[in-house]
Amino acid sequence: MAEFKIGRLDGQPPRIRNVPIAVTPEGFWCCPSQAALQKTAKSPNQQGRPRGGASPAPSKASSVQRAQTISSEKRAQSTPARSRTNSDEQICPPPDAVSAPDPPKVAPAPAPEKRPKQHKISVGFGQLDTSDLKVVLYGKEGVAVKMIVHKNILAENSTFFADIISRQSPVSLLEVPDCEDVEIYVETVGLMYCKDVKQRLIKQNVPRVLRVLKVAESLGFRACIMSCLDYLEAVPWVGDEEENVVSSIRQLHDEDHRTNPLLKRVTSDVLANPPNDTLAHIIDLVLKSSEERGRREMKSLVLKLFKENNNINSNGSSADSCVMTLYSCFQNCLESLLALFRQASDPEALAEQSSDDKEQMFRKITLEADNLLWLAEILSDRHAADELTVIWSGQGELAELHPKIPVMHRHLVSCVSARLLVAVGKGEALPSKETRRRLLDVWLQPLMDDYRWLQHGCRWFDRTVVEDGVGQTILTLPLEDQQAVLLAWLGRFLKAGDGCPNLQRAFEVWWRRTFVRPYAELPGSSSASRPGRH
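A brief structural summary.

Procedures and definitions
Residues numbered from 1 in each chain as written. Predicted model: local features only at pLDDT ≥ 70, side-chain atom pairs only at ≥ 80, totals over all residues. Heavy atoms only, no water. Helix = DSSP H or I, 4+ residues; strand = E, 2+ residues; numbered from the N terminus. Buried < 20%, exposed > 50% of the residue type's maximum accessible area, 1.4 Å probe, protein only. Contact = heavy atoms within 4.5 Å. Areas by Shrake-Rupley, 256 points an atom, 1.4 Å probe, with all protein chains shown as cover. Phe/Tyr/Trp six-rings, centres within 6.5 Å; stacked < 30°, edge-to-face > 60°. Polar contact = N/O pair within 3.5 Å; in protein donor to acceptor, adjacent residues only side chain to side chain. Pairing = 2+ DSSP bridges. Patch = residues over 30% accessible without salt bridge, like charges linked within 9 Å, V, L, I, M, F, W, Y side chains within 5 Å. Salt bridge = Lys/Arg side-chain N within 4 Å of Asp/Glu carboxyl O. Core = buried A, V, L, I, M, F, W, Y, C linked by side-chain atoms within 4.5 Å. Arc of directions from axis to C-beta. Axes fitted to C-alpha atoms, helices over the stretch in contact; angles between N-to-C directions. Parallel < 35°, antiparallel > 145°, perpendicular 65-115°, else oblique. Nonpolar A, V, L, I, M, F, W, Y, C, P; charged D, E, K, R; others polar. Left-handed = near helix turned anticlockwise from the far one by under 90°.

Further remarks concern the overall build of the chain. The number of helices and strands found in the chain is 25 helices and 6 strands. Going through the 534 residues of the chain one by one, you find that 43% of them count as buried. Considering only contacts within the chain whose residues lie at least 6 apart along the sequence, 71% involve residues at least 24 apart. Of the roughly 29100 Å² of accessible surface on the chain, 52% is carried by carbon and sulfur atoms.

Looking at the secondary structure, you find T325 in helix 15 (residues 316-344). Judged by its relative accessible area of 14%, T325 is buried.

Its location among the elements puts V424 in helix 20 (residues 407-426). A C-alpha to C-alpha distance of 8.4 Å links V424 and V470, two positions 46 residues apart in sequence. Aside from chain neighbours lying at most four places away, what touches V424 is T389, A429, P431, R436 and T473.

Within this structure, the stated rule accounts for 11 aromatic pairs. Taking the centre distance of 5.0 Å and the plane angle of 25° together, the rings of W489 and F493 count as stacked. Of this pair, W489 and F493 both sit in helix 24 (residues 479-496), 4 residues apart, which is roughly one turn of the helix. F493 sits in the buried class, given a relative accessible area of 17%. Residues W510 and F515 carry aromatic rings whose centres are separated by 6.0 Å and whose planes lie at 85° to one another, so their mutual orientation is edge-to-face. Taken together, W489, F493, F507, W510, W511 and F515 form an aromatic cluster joined through their ring pairs.

With that settled, consider the side chain of S158. On the secondary structure map, S158 appears in the loop between helix 5 (151-157) and helix 6 (159-167). Here S158 falls in the buried class, since its relative accessible area comes to 1%. At a separation of 3.2 Å, a polar atom in the side chain of S158 contacts the main-chain amide nitrogen of F161. Other than its neighbours up to four places away in sequence, S158 contacts M192, L219 and G220.

With that out of the way, let us pick up the pairing of strand 4 (residues 133-138). The two faces of the sheet receive side chains in turn, since in a regular strand these alternate between them. Summarising burial for strand 4: 6 of the 6 residues are buried, a large majority. Residue alternation in strand 4 divides its side chains into two sets, L133, V135 and L137 and K134, V136 and Y138, and both sets are buried. Pairing of strand 4 with strand 6 (residues 173-176) involves 4 bridges; the strand directions are parallel. Looking at strand 6, one finds that V136 is bridged to E175.

This part takes up a nonpolar patch on the surface. On the surface, a nonpolar cluster with roughly 240 Å² of combined accessible area is contributed by M298, L301 and L305. Checked against the element boundaries, L301 lands in helix 13 (residues 292-308). For L301, a relative accessible area of 34% puts it in the partly exposed group.

In globular proteins that are soluble, nonpolar side chains generally tend to be buried together. In this structure, I283, W374, L375 and W392 are the most contacted members of the largest nonpolar core, which totals 77 residues. Tallying contributions element by element places helix 15 first for this core, with 13 residues. Leaving out residues up to four positions away in the same chain, L375 has contacts with I283, L287, L326, C329, F330 and C333. Grouped together as the second largest cluster of nonpolar side chains are 52 residues, V145, L174, V209 and L213 included.

When we look at burial in helix 6, the residues that qualify are F161, I164 and I165. All buried residues of helix 6 lie within an arc of 95° about the axis, which places them on one face of the element. More than 90 degrees from the buried face of helix 6, the exposed residues found are T159, S166 and R167. Structurally, helix 6 contributes buried residues whose contacts are with strand 4, helix 5, strand 6, helix 7 (182-191) and helix 9 (206-219). Between the side-chain oxygen of the N-cap and the backbone nitrogen of F160 there are 3.3 Å, and the N-cap of helix 6 in question is S158.

Within this structure, the stated rule accounts for 23 salt bridges. Salt-bridge contacts for D450 lead to R410; the nearest nitrogen and oxygen are separated by 2.8 Å. Of this pair, D450 sits in the loop between helix 21 (433-449) and helix 22 (451-457) while R410 sits in helix 20; the two residues are 40 residues apart in sequence, bridging distant segments of the chain. You can call D450 buried: its relative accessible area is 0%. In this structure, K433 and E434 form a salt bridge, with 3.5 Å as the shortest nitrogen-oxygen distance. For K433, a relative accessible area of 45% translates into the label partly exposed. When salt bridges that share partners are traced, they join D181, E183, E187, R208 and R211 into one network.

Attention now moves to the packing of helix 17 (residues 355-381) against helix 20. One can describe the packing of helix 17 onto helix 20 by two numbers: an axis separation of 7 Å at closest approach and a directional angle of 10°. Between helix 17 and helix 20, the angle is such that the two are roughly parallel. On helix 20, the residues touching F362, I365, T366, A369, D370, L372, L373, A376, E377, S380 and D381 of helix 17 are H409, L412, V413, C415, V416, R419, L420 and A423. Split into classes, the residues belonging to the contact of helix 17 with helix 20 amount to 12 nonpolar, 3 polar and 4 charged.

For any two helices packed against each other, the geometry is given by the interaxial angle and the distance between the axes. Packing of helix 13 against helix 17 leaves a shortest axis separation of 9 Å and a crossing angle of 15°. Between helix 13 and helix 17, the angle falls in the class roughly parallel. Helix-helix and strand crossings are classified by hand; for helix 13 and helix 17 the assignment is right-handed. The residues of helix 17 that touch helix 13, namely those facing R295, K299, V302, L303, F306 and K307, are L367, D370, N371, W374, E377, I378 and D381. Counted by class, the contact of helix 13 with helix 17 contains 6 nonpolar, 1 polar and 6 charged residues.

Unlike most non-glycine residues, D178 shows phi in positive territory, near 50°. Its place among the elements puts D178 in the loop between strand 6 and helix 7. A relative accessible area of 60% places D178 in the exposed class. Phi is positive for H383, which is not a glycine, with a value near 55°. Inspection of the secondary structure assignment puts H383 in the loop between helix 17 and helix 18 (386-393).

If you want it as structure tokens, here you go:
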């Protein structure tokens, strides 16, 4: 452990304070944080204000915050070359010092332009009596930090410093203007004095290690870069950290960073496209599950992930493969459901089955109908249900067998019809007018038969959405077809009332189109022949 002394620069008698310099477990090198540096830089004006005409007495806080340099350097202030970095007073030099020749420039960047009075802090590493180089960092808010270091340590660990020292030897002072992250810069230089850099990073968090990695990469500090990568590869990433880590790694100039094990956490070398075989396997596992809770939760999770996943939808080949997988699963479930409907609607087959077998059969009907509804939801959300409406509208046999199955087991089939009608009504599916009419002819009646059960037996059933979707689908048909469907609905609604979808809004639109403002006149008629214009 080494020591350095800091003294005052305001002309008052200095108060000497010994500060131990050591490598702490947190990797902090006796340098205040960036917030503390900025706060310290603003304090001199407030502390230097006289009170009541008397000169202000030096305080303990000001003696610590405003002390900037090692006391042994105060004797060298008469040398113009060193006074540029050792004293705040040299920011505005006296007249006799202006004409003094400037020393040769050894900094890699031009000297910073004239700034407001800067506040400087000195930080030393290792044995100060053997130091042979000073590095001055100029940060934000007028903060300047002077690091007292050793050439051999910096040259061994940093290609940046090694290049400067070899090209400009001898060099005793380096300046780094416009330093973006003074605090982390000092900490990274301090890590060059550690034998085990990775051990010093263990107690850090991911955002701080990413800052260290950025500075280490700019300095060519290879050992630190590898230690940061090893840390990031092993530590969990929480929240937005994954995106920040991947972005930082891909910005590295290292040619081999893409093969780093770190990126294997988020990328695969086996498949360039989304793994559709794995996707099909996941969907198959969910569809075949019979455990109620696990099935329900995984269906909800996969549906949410499908809604959030735009990558599969944006890539043409991947989108086609994904949709084909979903359609294949839908077709398999549909065939299974139709076979179960045939079995359940056959009186002779039912008579030969035990009560347990019947219960198992009806349970399978419920599961298969629920699978169809889930797949229809995914395809509708992805605007890929056009072909699905064609398939569903062609299930005349299934619709005929529908009334023969108890409503408590068949009602989810009507939910599939309702979801597809909502998709058409919202524009999520764009089938032909023939398909739209056939869909209504085949499935509107079974939907009305189950409507009362759907309202009271399904907690998630949204009556308003369904009625609006059915009504909008009807209104996309030719006017004659609208009339046929709505008149059939009207006869049912007048008998069933609340047990039937309320399509009054669609009825009003059809009424106005027909009786109030017809958009086309009959062939051979004139405007004068309209009713009310005689």
